[in-house]
Amino acid sequence: MLNVVIIGAGSITFSSRLTVDILSYENTRNVHFSLVDVDAKRLALSGRIIERILKEGGYSGATFSLHHERREALRNADVVIISVLVGGYEAIASEIDIPMQYGVDQCIGDTLTPGGVMRCLRTLPLLIKIGRDIMELCPEAWVINYTNPMGMLSLGLQRAVPDLRYVGLCHSVPHTLKEWAKRLAVPLEQIDFDCAGINHQAWFTRMEIGGEDVLPRARELCTRQHIWNSDTARMEYLKHFGFPVTESSGHCSEYSPWFRTRPESVARYCNVEADRWNGGHGFIKSLYSREDWEADMVKKANGETPLSLERSAEYGSLIVNALAGGGEAVIYGNVINNGLIDNLSANACVEVACRVDADGIHPQPYGTLPEHLAAINRMQLNVQQLAVEAVLDCDPERVFQALCLDPLTGASLSLDGIRAMTRELMQAHAEWIPEFEGRLPACRKELYFKKAEKVEVHIDEAYAEEHGDLSGGVAREQGGDRGRVKEVLLCNTND
């Protein structure tokens, strides 16, 4: 019997949806689900919902068990699916609200930006522990991670546990393709395409229907008012850079300095009247502030809420079925580059097509991205690299440096402001990042000179020698071919 372990099974819908999807394949109906969660109430309710699924679907060959301790569940696992949240709503609210007090306006904040970096700090240590447990207890198991920030966590986990059989999953590629099929008014299965890049910022570099290139049609459609209004940032990407990009405009608006740094740009590009995913401030808080979660789960467990046994478009079940010998499948996964995309770092985490069969998950080489698209990806990859190093080395200065290179944060704040914000964020998250032992980025004195009575004089020596200009009252040292500053005069501080 195939043993599928779901870590973070106490979610409102994820574990039940995944269970339905896996059982919908003839090849994976006789599965044992090991459900793991640290929240006893959520886990118990999830168990009751799974019990209902097995009964209503007539899945007599499937079984499940509940576990508060993951090591117990991991023994003899074939597939491990991870979807966890560390810190809950309180952590999410603080990483949205504190940056806003400094002028950094986030919509979702689970990929890049201060929110994504802080989520990495509190989540990556847990994933590394899970990964090491897997290598000890079930080293042949395939690991499927659904947890954000996908790029940072996939990079960090595979660096810390390099022998893990791993793929990171996101629905943004298939969902974006589905949107374009609707806009182009064609059946989804008729679109032939290439897509590659990084998570939440992958690019459709080829899109054909019956051999016809439809990217010119997409470029024309992106300027139509009804499409642009509901998906502004992504349509701006397409209008200016020429290729459709994955994820919602709420996400895309955060990954650059172009949409969320001035009140007028927020008003233009982040208007949520047409679509709530279009970039409103703090939208993620509305997704996680589910005070009705228990009532919702109870209704599902009791049978008051209708239960759909139809398969969704998520990749997870497709992978499990293919690994179990149910035929070959192609998904888009997040893996270490290792030459898959020629013009991105070999050590980066990239999102590319992956072929899946009974022998495993096989990432497919893409080639070379258009250079301007690769350059946009690199802005994110720099932040990801520093955030991962911050966790692996428990280095608070690396946290600050990651946020300095974040495009939205860097366009919104000075270095002094970023340092102050980082210190406040890490203080607020202290209970969820114990590995840092309360250490913060160093406190640096903020310098501001109202009136400089003395200044250090800088001379371009080659220019001065050529033009005979050594002005500024600084003595010239004799004996050399070029003038050199002999006396250094420092500015007075305002205090």
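See the structure printed just above.
Positions within a chain are numbered from 1, following the residues in the order the chain's sequence is written. Thresholds applied to this predicted model are a pLDDT of at least 70 for local features of residues and 80 or more for the giving and counting of side-chain atom pairs; totals over whole chains, interfaces and linings are not thresholded and use all residues. Computation of side-chain values covers all heavy atoms of the structure but excludes hydrogens and water.

**Student:** Looking at this structure, I do not really get the overall build of the protein. What am I missing?
**Tutor:** Helix and strand assignments follow DSSP, with helices taken as H or I runs no shorter than four residues and strands as E runs no shorter than two, numbered in order from the N terminus. When its secondary structure is counted, the protein shows 20 helices and 12 strands. Taken along the three principal axes of its C-alpha coordinates, the protein extends 95 × 55 × 45 Å. The rule is simple: take the accessible area with a 1.4 Å probe, protein chains only, and divide by the maximum for that residue type; under 20% is buried, over 50% is exposed, in between is partly exposed. For the protein, the proportion of its 495 residues judged to be buried stands at 53%. Across the protein, the fraction of contacts at a sequence separation of at least 24, relative to all contacts at a separation of at least 6, is 69%. Residue contacts are defined here by distance: any two heavy atoms, one from each residue, within 4.5 Å place the two residues in contact.

**Student:** Any chance you could explain the pairing of strand β1 (residues 2-7) here in plain terms?
**Tutor:** Sheet faces and side chains relate simply in a regular strand, where the side chains alternate between the two faces. Along β1, 5 of the 6 residues are buried, which leaves the element largely enclosed by surrounding structure. As judged from the 6 bridges shared by β1 and strand β2 (residues 31-36), these two strands associate in the parallel manner. Looking at β2, one finds that asparagine 3 is bridged to histidine 32. In terms of handedness, the path from β1 via helix α1 (residues 14-23) over to β2 forms a crossover that is right-handed. At least two DSSP bridges between two strands are needed for those strands to be called paired. Consider the strands pointing away from the viewer: the crossover is right-handed when the path from the first strand over the helix to the second runs clockwise.

**Student:** In this structure, what is going on with the packing of aromatic side chains? I would like to understand it.
**Tutor:** To describe a pair of aromatic rings, one takes the distance between the centres and the angle between the planes. Centre distance within 6.5 Å is the pairing criterion for rings of Phe, Tyr and Trp, where only the six-membered ring of Trp is used; planes under 30 degrees apart are then read as stacked, over 60 as edge-to-face, and the remainder as tilted. A full pass over the atoms with the stated rule returns 12 aromatic pairs. Here phenylalanine 14 and tyrosine 146 contribute two aromatic rings whose centre-to-centre distance is 4.9 Å and whose plane-to-plane angle is 70°, an arrangement assigned as edge-to-face. With phenylalanine 14 in helix α1 and tyrosine 146 in the loop between β5 (142-145) and α6 (150-160), this pair connects stretches of sequence that are 132 residues apart. Between the aromatic rings of phenylalanine 193 and phenylalanine 204, the centroid separation amounts to 5.5 Å while the plane-to-plane angle is 45°, which identifies the pairing as tilted. On the criterion of sequence distance, the pair formed by phenylalanine 193 in strand β7 (residues 191-198) and phenylalanine 204 in strand β8 (residues 201-209) is long-range, its members being 11 residues apart. Summarising the burial analysis for this pair, phenylalanine 193 and phenylalanine 204 share the class buried. Aromatic rings pair up to connect Trp203, Trp228, Tyr237, Phe241, Trp258, Phe259 and Tyr269 into one cluster. One Lys or Arg, arginine 42, reaches over the ring of tryptophan 293 and ends 4.0 Å from the middle of that ring. Note on criteria: charge over ring means Lys NZ or Arg CZ within 6 Å of the ring centre, with the direction from the centre no more than 35 degrees off the ring normal.

**Student:** Help me out: how do you make sense of the nonpolar core in this one?
**Tutor:** Among soluble globular proteins, nonpolar side chains are generally buried collectively. Side-chain atoms within 4.5 Å link the members of a nonpolar core, which is a set of buried Ala, Val, Leu, Ile, Met, Phe, Trp, Tyr and Cys residues. Residues Val4, Val80, Ile81, Leu121, Ile144 and Ile319 are the most contacted members of the largest nonpolar core, which totals 142 residues. In contact with valine 4, other than residues within four places in its own chain, are Ile22, Val31, His32, Phe33, Ser34, Val79, Ile81 and Val320. Listed in part, the 6 residues of the second largest apolar core include Cys107, Ile108, Phe283 and Ile284.

**Student:** Looking at this structure, how should I read unusual backbone geometry?
**Tutor:** With glycine set apart, most residues show a phi of negative sign, and most peptide bonds adopt trans. In this structure, proline 149 follows asparagine 148 across a cis peptide bond, with omega equal to 0°. Phi at histidine 200 is positive, roughly 65°, even though this residue is not glycine. Here histidine 200 is to be found in the loop between β7 and β8. Judged by relative accessible area, which is 2%, histidine 200 ranks as buried. The backbone phi angle of glutamate 437 is positive, close to 50°, even though this residue is not glycine. Within the fold, glutamate 437 resides in the loop between α19 (415-428) and α20 (461-467).

**Student:** Please clarify how the packing of helix α5 (residues 113-137) against α6 should be interpreted in this entry.
**Tutor:** What counts as an axis is a line fitted to C-alpha atoms, over the stretch in contact for a helix, and the angles between N-to-C directions run from 0 to 180 degrees. Where α5 contacts α6, the axes come no closer than 9 Å and their chain directions differ by 35°. The chirality of how α5 crosses α6 is right-handed. In contact with Gly116, Val117, Cys120, Thr123, Leu124, Leu127, Ile128, Gly131 and Arg132 of α5, α6 contributes Met152, Leu153, Gly156, Leu157 and Ala160. Put simply, Ala, Val, Leu, Ile, Met, Phe, Trp, Tyr, Cys and Pro go in the nonpolar bin, Asp, Glu, Lys and Arg in the charged bin, and everything else, Gly too, in the polar bin. Counted by class, the contact of α5 with α6 contains 9 nonpolar, 4 polar and 1 charged residues. Note: crossing handedness is left-handed where the near helix turns anticlockwise from the far helix by less than a right angle, and right-handed where it turns clockwise.

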